[in-house]
Every structure is written in structure tokens, then in C-alpha cells.
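# Architecture and fold: a report
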Amino acid sequence: MTDIAPLIDPFARAISYLRVSVTDRCDFRCVYCMAENMTFLPKKELLTLEELDRMCSTFIRMGVKKLRITGGEPLVRKGIMTFFEGMTRHLDSGALDELTLTTNGSQLGRFAKDLYAAGVRRVNVSLDTLDDKKFADITRWGRLPQVLQGIEAAQKAGLRVKINAVALKGFNEDELFTLQSWCAEREMDLTFIEVMPMGDLGNEDRLDQYWDLKDLRARLGERFTLTDLDERTGGPARYVKLEETGQKIGFITPLTHNFCESCNRVRLTCTGQLFMCLGQEDMADLRGALRASPNDDRLEDAIRAAIALKPKGHDFDYSRQGVAGQMSRHMSHTGG
Ligand code: SAM
Ligand code: SF4
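Now for a description of the structure that goes with this document. (Residues numbered from 1 in each chain as written. Chains lettered and ligands numbered in written order. Predicted model: local features only at pLDDT ≥ 70, side-chain atom pairs only at ≥ 80, totals over all residues. Heavy atoms only, no water.)

## Side note on the overall build of the chain
- Helices and strands together make up the secondary structure of the chain, namely eleven helices and 14 strands.
- Taking all 336 residues of the chain together, the buried fraction comes to 58%.
- Intrachain contacts of the chain at a sequence separation of at least 6 include 72% that bridge at least 24 residues.
- Approximately 14,600 Å² of the chain is accessible, and the part contributed by carbon and sulfur atoms is 49%. (Helix = DSSP H or I, 4+ residues; strand = E, 2+ residues; numbered from the N terminus. Buried < 20%, exposed > 50% of the residue type's maximum accessible area, 1.4 Å probe, protein only. Contact = heavy atoms within 4.5 Å. Areas by Shrake-Rupley, 256 points an atom, 1.4 Å probe, with all protein chains shown as cover.)

## Observations concerning the packing of aromatic side chains
- Applying the stated criterion across every chain, the model contains three aromatic pairs.
- With a centroid separation of 5.9 Å and 85° between ring planes, the pair formed by Phe-28 and Phe-135 is classed as edge-to-face. Highlighted residues: Phe-28 in the loop between β1 (17–21) and α1 (49–61) and Phe-135 in helix α4 (residues 132–139), separated in sequence by 107 residues. Just as Phe-28 is buried, Phe-135 falls in that class too.
- A ring pair is formed by Phe-83 and Phe-84, whose centres lie 5.9 Å apart and whose planes are at 70°; its orientation type is edge-to-face.
- On the accessibility criterion, Phe-83 (2% relative accessible area) is buried.
- With relative accessibility at 0%, the residue Phe-84 sits in the buried group.
- One residue, Arg-29, lies across the ring of Trp-141, its end atom 3.9 Å from the ring centre.
- Lying over the aromatic face of Tyr-17, Lys-66 brings its terminal NZ or CZ to 4.9 Å of the ring centre. (Phe/Tyr/Trp six-rings, centres within 6.5 Å; stacked < 30°, edge-to-face > 60°. Lys NZ or Arg CZ within 6 Å of the ring centre and 35° of its normal.)

## With respect to the site of ligand 1
- Near ligand 1, the surroundings consist of 16 residues, among which Tyr-32, Gly-72, Thr-103, Ser-126 and Met-196 are the closest.
- The contact in question runs from a nitrogen atom of ligand 1 to an N or O atom on the backbone of Tyr-32, over 3.1 Å.
- Between ligand 1 and Thr-103, the relevant distance is 3.2 Å, taken from an oxygen atom to a main-chain nitrogen or oxygen of the residue. (Near = heavy atom within 4 Å. Polar contact = N/O pair within 3.5 Å; in protein donor to acceptor, adjacent residues only side chain to side chain.)

## Quick notes on the site of ligand 2
- For ligand 2, the full set of nearby residues is Cys-26, Phe-28, Cys-30, Cys-33, Met-34, Gly-72 and Asn-104.
- A per-class count over the shell around ligand 2 returns five nonpolar, two polar and no charged. (Nonpolar A, V, L, I, M, F, W, Y, C, P; charged D, E, K, R; others polar.)

## What about the pattern of salt bridges?
- Per the stated rule, a full pass over the model turns up 21 salt bridges.
- Among the ionic pairs, Arg-61 bridges to Asp-296, the shortest N-O distance being 3.2 Å. One end of the pair, Arg-61, is in helix α1; the other, Asp-296, is in the loop between α9 (286–292) and α10 (297–307), and 235 residues separate them in sequence.
- Classification of Arg-61 by relative accessible area gives partly exposed; the value is 24%.
- A relative accessible area of 15% means that Asp-296 is categorised as buried.
- Taken together, the shared-partner salt bridges in this structure form one network comprising Arg-54, Arg-61, Asp-296 and Glu-300. (Salt bridge = Lys/Arg side-chain N within 4 Å of Asp/Glu carboxyl O.)

## Let's talk about the nonpolar core
- Grouped together as the largest cluster of nonpolar side chains are 96 residues, with contacts concentrated most on Leu-18, Phe-59, Leu-67, Phe-84, Leu-115, Ile-163 and Leu-274.
- Leave out the neighbours within four places in its chain, and Leu-67 touches Leu-18, Val-20, Cys-56, Ile-60, Met-87, Leu-96, Glu-98, Leu-99 and Thr-100. (Core = buried A, V, L, I, M, F, W, Y, C linked by side-chain atoms within 4.5 Å.)

## Considerations on helix α2 (residues 80–93)
- Of all the positions in α2, only Ile-80, Met-81, Phe-83, Phe-84, Gly-86, Met-87, Thr-88, His-90 and Leu-91 are classed as buried.
- Looking at the packing, one finds that the buried side of α2 touches α1, β2 (66–70), β3 (98–103) and α3 (108–117).
- Count one or two residues on from α2 and you reach Gly-94, which has phi positive near 90°.

## So, the environment of Lys-65
- Tracing the sequence through the fold places Lys-65 in the loop between α1 and β2.
- Lys-65 sits in the partly exposed class, given a relative accessible area of 30%.
- Residues Lys-65 and His-90 lie 25 residues apart in sequence; the distance between their C-alpha atoms is 9.5 Å.
- Excluding residues within four positions of it along the chain, Lys-65 makes contact with Ser-16, Gly-94, Ala-95, Leu-96, Asp-97 and Glu-98.

## Notes on the packing of α1 against α10
- Packing of α1 against α10 leaves a shortest axis separation of 11 Å and a crossing angle of 65°. Relative to α10, α1 is oriented so that their crossing is right-handed. Counting all contacts with α1, which are made through Arg-54, Met-55, Thr-58, Phe-59 and Arg-61, the residues of α10 involved are Leu-299, Glu-300 and Ile-303.
- Tallied by class, residues from the contact of α1 with α10 come to four nonpolar, one polar and three charged. (Axes fitted to C-alpha atoms, helices over the stretch in contact; angles between N-to-C directions. Left-handed = near helix turned anticlockwise from the far one by under 90°.)

Put into C-alpha cells, the structure is as follows:
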């Protein structure tokens, strides 16, 4: 696996982390992520499971050590376990350090054991509220008990669960300590995500829902002693430890620029487009290169050419006037 030069971008950042969206479909319709009447891509546009395998295996050959599978909802993609099982060989060979996924949890009851058997050890489950009614409101189509059962099944199967909650003003502000203590009781870490101006959802005004994580952190600090952790993941997350519970709390603030210089990641959509930066429109079509030839040379060239274009940083910015650097694509497309 070392006969091929690693992926280094123009700003000397090694690309070791690939996030792959395996479907744009989902069994939920979270208000900040999707419109209620979404038009999904025709199936023929999607990379097949075999193509996803080839794509990921090529990135792994080129130095990707961590693979995160996302979507849409990754576990609603038909046959997705075949893909996970295929990736096991890269874990076994040591080429891949970690295989993880981000999920809404609805299908974990069905798949937790198989995921563990395939080599997955950690999952991120998105959960914004512990209130049945609020959960149904925010996800439109989701039901909380099913997700809670999924989380339990994941823990039983031996998977470490981290909860990701989007911080929404006027929605889960009052659940800050409920979520924190619920996670502490179950030995789960918890990360808050600042809501991002993605997609054009028409009826929702995300500026109104924006809850500054500095404020959230200050509120936590009123009850707990917070110690900053040095841990850097190469992404937009920062962590603190709550001294009283030992729990790790994360803050993902993608709107700030302070993480771009260490950014080690790129994102692949379910149609084979590679986005070099979550906040930029620049992308490369890798599907064409992949389908053009059964051997991977063209694909490797296309990946290298794409990485050479990875920008220094992104342009998200909330200002008093409105949202600058707003992206027109949905999170379910690039996969969060
Ligand atoms: N369906 C899976 C899930 O919900 O975990 C994976 C895909 S989802 C797009 C990935 C993450 O993006 C979720 O944690 C979700 O809460 C987050 N997300 C979606 N839209 C967002 C937005 N506008 N701002 C911030 N986070 C968002
Ligand atoms: Fe589906 Fe995840 Fe988007 Fe919610 S956040 S609609 S669960 S893809």
C-alpha cells in the first residue's frame, strides 16, 4: 500500500479522512436538512455498491485511513451491509484505521450486530431532542422510540455511540442538561453542531434557529467545570471535559474558519462527486473517471487533480444582514 504517493493538498495538508455519502435518500425529513417533498436522484445516477467499493478502496490505497459513511441515511441504502463487509478487508490488512458511520439511528436495531461484525466500533447518532413530540416535529417522519431502541441495540452490540445534536434556538435550548445527563448515564459523548446555512428549504429560516455555541458552552460552564481538551480531529470539532462527570462534550462550529488550516478531509457524494471543502462549490466528477476504465489509473489521476484544487478555507459567515457564503446544496447531498 505504500508504493503510491500519499494525497497532499497545495497547503501541505495530508488527506487521510474520506466521508462518503452512500445515498441521498432518508426515512426522516429533518426540517434543517430536507424539504418535506424532496426529489431524489434517479437510481442510475448513484454509484453502485461495487463502484463505491472501488472508489473507497482507491482512496485507501492513496492514504485515506479513516472512512465515515453517511448520507442521506446510510442504513436505508439497499444492500449497504455488503459494502461495509467489503471494507472489512481494509481494516484487516491495516490499510484502514477506522470505519465509522453517521446515522439517524432508525435502522440500528436491524443492523448494529452486522456493523460490529464488519469492523465498525463507533457510530455517531444524530438526536436533537428526547421529547417524543418535538422529535416528531423536527424530523417530520421520525419516531423517537425506534431511535432509542436503535441506540440501545448499538451499545449492546459493542458499538461506542456518540450523540450529535444540532443546537437550535428555541427548540432544544431547554434540553441542554437533559441531553447531557442522559448521555452521561449511558456513557456516551455528546457533540453539539451549529446549524449551517445549507440548501434552500424555503419555509425554514435557519437564521432564526441559530444558537451560538459560545452561549451553549457558557451555560454548561455555569453548572460544570469545563477543561479544554487538546484533541484535534482535523475537523471543525473542539472538545471539553466536564470534570464532574468525566464526559466529553464536543462543539462543531463549521461557520468559523479556525479549523481550515488543519483540514484533512474530503467528501464524496453518492453520485461520485468529490467536494474538497464543505463550504465551497468546487467539485470534481470522479464517476466519469471511474466508469471510463476498468483499471484505476484514470481514477487515481482524477483524485490527485481534485486534491490539487482543495481550497485553503471556506466562506461561511453569519452577518447581521443575512447569510454570506450560503450553499445551495443540501447536507443530505454532501453528507454533513
Ligand atoms: N442521516 C444521518 C444523520 O442524520 O445522522 C447522516 C446524514 S446527516 C445529513 C449528517 C448530520 O448533518 C446530522 O447530524 C445532521 O443533524 C446534520 N445536519 C443536517 N443539516 C444540517 C444543517 N443545516 N446544519 C447543521 N447540521 C446539519
Ligand atoms: Fe435524514 Fe440525517 Fe437529513 Fe435528518 S439530518 S433528514 S436523518 S439525512
